[in-house]
Amino acid sequence: MLHSHSLLWHYLWLAPDILQVALAVLLYRRGFYKAYPVFFAYLIYEAIETFTLYAVDVLPWTTAESYWRIFWVTLIIGGLVKFAVIGELLRHLTYSRSALAKAGDLTFACAGVGLTLLAVLVAAYTTPHNPHWLVAGALLLLQATYVVQCGLILFVFLLAAYFRLSWDRATFGIALGFSIVFCQHLASRAVEVSFALPENGIVFDLLNMATYHVCVLIWCYYLLVPRKKPAISAQPLPENNLAVWNRELERLLQK
Amino acid sequence: MNLAIFIVIIAALTLSAILLLSVKQTLQNRQSVNLTGSIHPIDVEAFRNLTNPAEDEYLRRCLTPAQFRRVRRERLLALVAYVHLVAENAGVLVAVGESALAGGDARLADPARALVNDALLLRRNATMAMARIYIALAWPNSGFAAARVADRYEQLSGTAMLLGRLQNPAVPVRLSAMR
């Protein structure tokens, strides 16, 4: 075991992913994976990643170096999967709105490129305190990844707000959960990479895990609890004159 | 200021923005009953006059360069106000269309979807037109075409009329003010 941990630590490390596995099983039974295959794959992958890292951490014959090497691999794969999930959320928002699909994809790609450049710039100006490249590099990469992910998820919300798109419940729940995790983890990792924290930053680790726990609970709520059916009410129409409008349109077309 | 502290502040602001947008969206969905009442009537004729390149050419011939630049800037500022209203109306119609789709009435599905797509296209074009107008404000002698916004707006009004008739055949629909 690399470090001895408290009961709270063990709970916060494992509980969210056990909950996540249960969520994945329930969603599979409901056929949810057909509509959100990437997010479903993320649920499975994240659980495997967490259990693997947990096993490496508690097993007595593993070293810190092997832990961090495995962490690097999971960091890269996990980052790519999360980017794919954000892309899936955007597609769910724009797929049925053909007028926005192309423009949405283009601006999303531009935002991604811009944010990547920003993340690289931020990383270049960050001075990590940890002398070990495995640890410092991993934290820097995490910080950079979260910069891009925060920016992209904010972009999705801004796009929906500007064009007054209505979210479906599942898409909104997934996006909200990820927003909270990305923003909190970005703040946490930025502090961890730059400052030497007391007790190896255990408070921040607990905070990160607790935030992820909240995120999984949010997903459970939005994905499992059915939406209340809204009362169907007819929209009142403006008091206007259709005949005059048609006449004016014909006049404009004849110009 | 340390970069890490700056990143923490940015992350907090980002999360606050997302939560505010979420709350705003939820409130807007609950207040979707009287959306059409918030549509601003627009004088399409006046709008077309402002985008007419022949008008610009006439003014360029009749006025001195300095006078033309001043008048063109005023026309462009008026145009920004119109295009902004068009974008607002398009946003309202997106919400109306989305609300009609959420209602589940199969009869309204196709016109509602068409309304949403037309309104989104118009809002997108209005955004691009506003960007071009602001560029033209910096360079008053340049030409641009915001006429597409007028054409799209008329098309959108037709789609809104159809949806309105399907929802309530007795009441006519109009999205622009007529003199």
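### Some thoughts on the overall build of chain B
The secondary structure content of chain B amounts to six helices and zero strands. Seen in sequence order, chain B has helices and strands lined up from the N terminus as α-α-α-α-α-α. Residue burial in chain B is summarised as follows: out of 179 residues, 45% are buried. Counting only contacts in chain B whose residues sit at least 6 apart along the sequence, the fraction spanning at least 24 positions is 77%. Surface summary for chain B: the accessible area is close to 8,900 Å², and the carbon and sulfur share equals 61%.

### Quick look at the overall build of chain A
If you tally the helices and strands in chain A, you get nine helices and zero strands. Helices and strands in chain A line up, N terminus first, as α-α-α-α-α-α-α-α-α. A buried classification covers 52% of the 255 residues belonging to chain A. Within chain A, counting contacts between residues at least 6 apart in sequence, those at least 24 apart form 79% of the total. Of the roughly 12,700 Å² of accessible surface on chain A, 69% is carried by carbon and sulfur atoms.

### Overview of the side chain of A:T94
All names here are of chain A. As for its position among the elements, T94 is in helix α4 (residues 64–94). Here T94 falls in the buried class, since its relative accessible area comes to 2%. Among all residues touching T94, those that are not within four sequence positions of it are L100, A101 and L159.

### A few points about helix α5 (residues 98–124) of chain A
In this model α5(A) runs 40 Å from its N-terminal to its C-terminal C-alpha over 27 residues, within 8% of the 39 Å that 1.5 Å per residue would give. Most pronounced at A:G104, the bend in α5(A) amounts to some 25°. Along α5(A), the residues that are buried comprise A:A99, A:L100, A:G104, A:F108, A:G112, A:L115, A:A119 and A:V122. Where α5(A) is buried, its residues contact α4 and α6 (133–162) of chain A together with α1 (3–30) and α5 (106–138) of chain B.

### Let's talk about the environment of A:G201
Residues and elements named next belong to chain A. Relative to the helices and strands, G201 resides in the loop between α7 (169–194) and α8 (202–224). A relative accessible area of 2% places G201 in the buried class. Between the alpha carbons of G201 and Y11 there is a distance of 18 Å; along the sequence they are 190 residues apart.

### Thoughts on the confidence of the model for chain A
Considering every residue of chain A, the mean pLDDT works out to 86; 87% of them sit at 70 or more. The model gives residues 236–255 of chain A a pLDDT under 50, and that stretch makes 41 contacts with residues more than four places away or in other chains.

### Some points on the nonpolar core
One finds A:F39, A:Y42, A:I174, A:W219 and A:L223 to be the most contacted residues of the largest nonpolar core, which totals 101 residues. No other element matches the 18 residues that α6(A) contributes to this core. Two domains share this core, each providing at least three of its residues, namely domain 1 (1–30) and domain 2 (38–167) of chain B. Apart from residues no more than four positions distant in its own chain, A:F39 is found in contact with A:F32, A:V85, A:E88, A:I174, A:F178, A:W219 and A:L223.

### Remarks on unusual backbone geometry
Look at A:R164: it is not a glycine, yet its phi comes out positive at around 55°. Its place among the elements puts A:R164 in the loop between α6 and α7.

### Considerations on the confidence of the model for chain B
All names here are of chain B. Confidence in the prediction for chain B averages 78 pLDDT; 77% of positions are at 70 or higher. Predicted confidence in chain B is weakest over helix α6 (residues 147–167), with a mean pLDDT of 67, and strongest over α1, with 90. Across the interfaces of the predicted complex, the ipTM metric reaches 0.85, alongside a pTM of 0.84.

### Things to note about the packing of aromatic side chains
Taken as a whole, this structure holds 27 aromatic pairs over all chains when the rule is applied. Between the aromatic rings of A:F39 and A:Y42, the centroid separation amounts to 6.2 Å while the plane-to-plane angle is 25°, which identifies the pairing as stacked. Placement of the pair is A:F39 and A:Y42 together in helix α3 (residues 37–58), with a separation of three residues, close to one helical turn. Of the two residues examined, A:F39 and A:Y42, each falls in the buried class. Ring centres of A:W167 and A:F172 lie 5.8 Å apart, and the angle between their planes is 70°; this geometry places the pair in the edge-to-face category. A:F172 shares its class with A:W167; the two are buried. Cluster of aromatic residues (ring-pair linked, three or more members): A:F32, A:Y36, A:F39, A:Y42, A:Y146, A:F178, A:F182, A:Y212 and A:W219. Geometry around A:Y221 places A:R169 over its ring, the cationic atom sitting 4.9 Å from the centre. Across the ring face of A:Y162, the terminal group of B:R123 is positioned such that the distance to the ring centre comes to 4.2 Å.

What counts, and at which threshold
Each chain carries its own residue numbering, running from 1 in the written order of its sequence. Lettering of chains starts at A and numbering of ligands starts at 1, both following the order in which they are written. Local features in a predicted model are, by the rule used here, given only for residues with pLDDT of at least 70; side-chain atom pairs are given and counted only at 80 or more, and totals for whole chains, interfaces and linings are based on all residues. Where side-chain values are given, they derive from all heavy atoms of the structure, hydrogens and water being excluded. Each helix is a run of DSSP H or I of at least 4 residues and each strand a run of E of at least 2, with the numbering of both proceeding from the N terminus. Each residue gets one of three labels from its accessible area relative to the maximum for its type: buried under 20%, exposed over 50%, partly exposed in between, using a 1.4 Å probe on protein chains only. Here, residues are in contact when the closest pair of their heavy atoms is within 4.5 Å. In short, Shrake-Rupley with a 1.4 Å probe defines the accessible areas, and a residue's cover is counted only from the protein chains shown. Each residue after the first adds 1.5 Å to the expected span of a helix. Here the bend at each residue means the angle between axes fitted to two seven-residue stretches, the one ending at that residue and the one beginning there. The pLDDT value tells you how sure the predictor is about a given residue, anywhere from 0 up to 100. We define a nonpolar core as any set of buried Ala, Val, Leu, Ile, Met, Phe, Trp, Tyr and Cys residues linked to one another through side-chain atoms lying within 4.5 Å. By convention here, the domain bounds are inherited from an automatic or database domain assignment. When the centres of two rings from Phe, Tyr and Trp lie within 6.5 Å, Trp using its six-membered ring, the rings pair. Their planes under 30 degrees apart give stacked, over 60 give edge-to-face, and anything left gives tilted. Note on geometry: a ring has a charge over it if NZ (lysine) or CZ (arginine) is within 6 Å of the ring centre and within 35 degrees of the ring normal.

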